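# Chains, contacts and geometry: an overview
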Amino acid sequence: MKTRKSLRQTALAGRPRKPRSRRQAANGTLVPQDALRERIGALENTIEHMDQGVSIVDADLRLVGVNRRFRDLLAFPEPLCRPGTPMEAFLRYNAARGDYGPGDVEEQVRARMALARKFEAHRFERERPDGTILEIRGLPLPGGGFVTLYTDVTQRVRAERALRESEARFRALTEMSSDLYWETDAEHRITQYSYGAKIGAIVPVDELLGRRRWELPGVNPDDEEWRAHRATLDAHLPFRDFENARRGGDGKVRYFSLSGEPTFDAGGVFTGYRGAGREITEQKAAEARLDQMAHYDTLTGLPNRALLHDRMRQAMARAGRGQMLLAVMFLDLDRFKVINDSLGHAAGDEVLKEAARRLRSCVRATDTVGRLGGDEFCVLLEDVHHVDEISAVARKILDAFAEQAEVAGHDVQLSTSIGVTVYPLDDQDADILLKNADIAMYQAKQEGRNNFQFFAAEMGARTEHRADLRLRLHHALERSEFALHYQPQVHVTSGRITGVEALLRWNDAELGPVPPGQFIPVAEETGSIVRIGDWVLREACRQCKAWLDAGLGPLRVAVNLSPRQFRQKTLAQRIGEILRETGLPAACLEIE
């Protein structure tokens, strides 16, 4: 059975044996040959079992010998490991199997032989095709040749690579992140501050180091919030989502949320804080947009009803503390529906925006102009000393609205009716004050529009009566409480009745007869006049046809239509349908 030869056997194979002799040790004593062989054997055994591969070449660059680990690491065939093999042979073998990477094999051999002939110490790492990474160290020997050590460093190199890649990823993530990292010392002075790439440097880091956060220029928080935050820091407590804002070099305000944890040394002594932060500028902008949508009218940008009520209560509190008056004005645009219906809703929107602009121009910055909805607005006048001041502002508003406006290419004449109530003279409840101003505004409408009226107690009773009429009118048709009375039209010379005029009357089940002068304006205001007018037209045509059928003709019936009915685009079509439905000839119907 063949066995692998030891390094000594390999190196000395083929050499003639010399007769035993005694050799001189370094201290001059003679060492027996057997003892020398024992020492050499121990050395060879050590080399053979080293965890590193070992190869030795002589001055002629021929192999003297290799150990077991060398053969395992390099996977050389047995013939190449024999003593006397030229170094060029196993370099060529390595090159041919790709150990040196792509390239001309002979050129790779020549280059490496040229380096070997220099007999210089060298160290490098080489990754073999199978992924094994070898650290190769060459050391020149006295008298020529050199010994080379081969160490498998695959795990170490891969661990180092993994660590470098991990550090690179962490660095990249930090740079790409919108977060920032900071540390402070026991005196709350900034000792470390790093910005993420998304944030960018708001303030140069050099200007931050050594300073406390509240010593830096900022937009917020205010002094009270800073005091509360500093109390938390002095108590060495953790904190979360502390917001502050800085103005960048571009003049824009940017918001940040910071969180931090106290740090302590091994002895429990407080050493400072460390924490992270994130930019919340977009979040704050989104919150501002939501607040705008929740509290401001999207068309005019004015405070809406909810915000107006809040400001009204605050204004009442200020007026109470300062013993001043607060005026609440309720405004409604005159004949706005006519503009909306004739020019379109887009033009109506432009009228509303123009009305808002004119109202703002008539009051101070400390006053409030709000839109309640539709064409209704409200003005809060603060710091009022005398009622005359309120009248002056009301006249100023009426004059501002009197100026002609151009809307959608049309010249439009605007006007408004204003109702005024005064805190604390009329009431001390915000809802009641607003209701009082609304009542006074309706009184201004009754007085012919384009004027202002102060609230008076008797207005409330009239308003309650109108509200009751609105409710009763809504059910009057269903309850058949309407009736038509006919006023004859007589020919002057013949005395013959040539026609009749239909007159609407309302007999409420509880109130009894209600004068037209009371319920017709309410019907116009609520829009129920359209349904009522439709009933009047049909009933008048039906009755006139019945008279004609009874031989009482020729006869015409006159029906008064409301302005709302005349503005309906389907009016002519509706009249035609009723004539066909009742069978009345068109010549017998007169529309007024």
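That block above? That's the structure.
All of the points below concern the structure found in this document. (Residues numbered from 1 in each chain as written. Predicted model: local features only at pLDDT ≥ 70, side-chain atom pairs only at ≥ 80, totals over all residues. Heavy atoms only, no water.)

## Here we look at the pairing of strand β6 (residues 133–140)
Across six bridges, the pairing between strand β5 (residues 122–127) and β6 is antiparallel. Paired with H122 across the strands is G138, a residue of β6. Linking β5 back to β6 in an antiparallel pair, the connection comprises five residues, with G131 at a positive phi of about 95°. Here β6 runs beside strand β7 (residues 146–152); their pairing, made up of seven bridges, is antiparallel. (Pairing = 2+ DSSP bridges. Helix = DSSP H or I, 4+ residues; strand = E, 2+ residues; numbered from the N terminus.)

## So, the pattern of salt bridges
Applying the stated criterion across every chain yields a total of 42 salt bridges. Residue R92 is joined to E106 by a salt bridge in which the shortest nitrogen-to-oxygen separation is 2.9 Å. On the criterion of sequence distance, the pair formed by R92 in helix α4 (residues 87–96) and E106 in helix α5 (residues 105–116) is long-range, its members being 14 residues apart. The class for R92 is partly exposed, based on a relative accessible area of 29%. Accessibility expressed as a relative area gives 32% for E106, which makes it partly exposed. (Salt bridge = Lys/Arg side-chain N within 4 Å of Asp/Glu carboxyl O. Buried < 20%, exposed > 50% of the residue type's maximum accessible area, 1.4 Å probe, protein only.)

## Re the packing of aromatic side chains
For the coordinates displayed, the defined rule picks out 17 aromatic pairs. Centroid distance F70 to F76: 5.5 Å. Interplanar angle 80°. Geometry classified as edge-to-face. The class of F76 is buried, set by a relative accessible area of 8%. Judged by centre distance (6.3 Å) and plane angle (40°), the ring pair of F482 and W535 falls under tilted. Of the two residues, F482 sits in strand β20 (residues 482–490) while W535 sits in helix α17 (residues 529–549), which places them 53 residues apart along the sequence. The exposure class of W535 is partly exposed, given its relative accessible area of 23%. Following the ring pairs from residue to residue traces out a cluster consisting of F70, F76, F90, Y93 and Y150. (Phe/Tyr/Trp six-rings, centres within 6.5 Å; stacked < 30°, edge-to-face > 60°.)

## Looking at the packing of helix α12 (residues 345–362) against helix α13 (residues 387–402)
Closest axis-to-axis distance for the α12/α13 pair is 9 Å, and the angle between their directions is 145°. The chirality of how α12 crosses α13 is right-handed. Of the residues in α13, those in contact with A355, R358, L359, S361 and C362 of α12 are V393, K396, I397, A400 and F401. Of the residues belonging to the contact of α12 with α13, the class tally is seven nonpolar, one polar and two charged. (Axes fitted to C-alpha atoms, helices over the stretch in contact; angles between N-to-C directions. Left-handed = near helix turned anticlockwise from the far one by under 90°. Contact = heavy atoms within 4.5 Å. Nonpolar A, V, L, I, M, F, W, Y, C, P; charged D, E, K, R; others polar.)

## Considering the side chain of T263
Mapped onto the fold, T263 is located in strand β11 (residues 253–264). In this structure the side chain of T263 is engaged in a polar contact, spanning 2.7 Å, whose partner is the side chain of T271. (Polar contact = N/O pair within 3.5 Å; in protein donor to acceptor, adjacent residues only side chain to side chain.)

## Describing the environment of C362
Inspection of the secondary structure assignment puts C362 in helix α12. Distance in space between the C-alpha atoms of C362 and V387 is 17 Å, their sequence separation being 25 residues. Apart from the residues lying within four places of it in its own chain, the contact partners of C362 are V393, K396, I397 and A400.

## Focus on the sheet that holds β7
An order of β4-β3-β7-β6-β5 is seen for the five strands of this open sheet, with the pairing classed as antiparallel. A strand with exactly one partner marks an edge of an open sheet, and here the two such strands are β4 (63–66) and β5. Geometrically, the sheet is characterised by an average inter-axis angle of 20° between neighbouring strands, direction not taken into account. Where strand β3 (residues 53–57) meets β7, five bridges bridge the pair, whose relative direction is antiparallel.

Geometry only, nothing functional implied.
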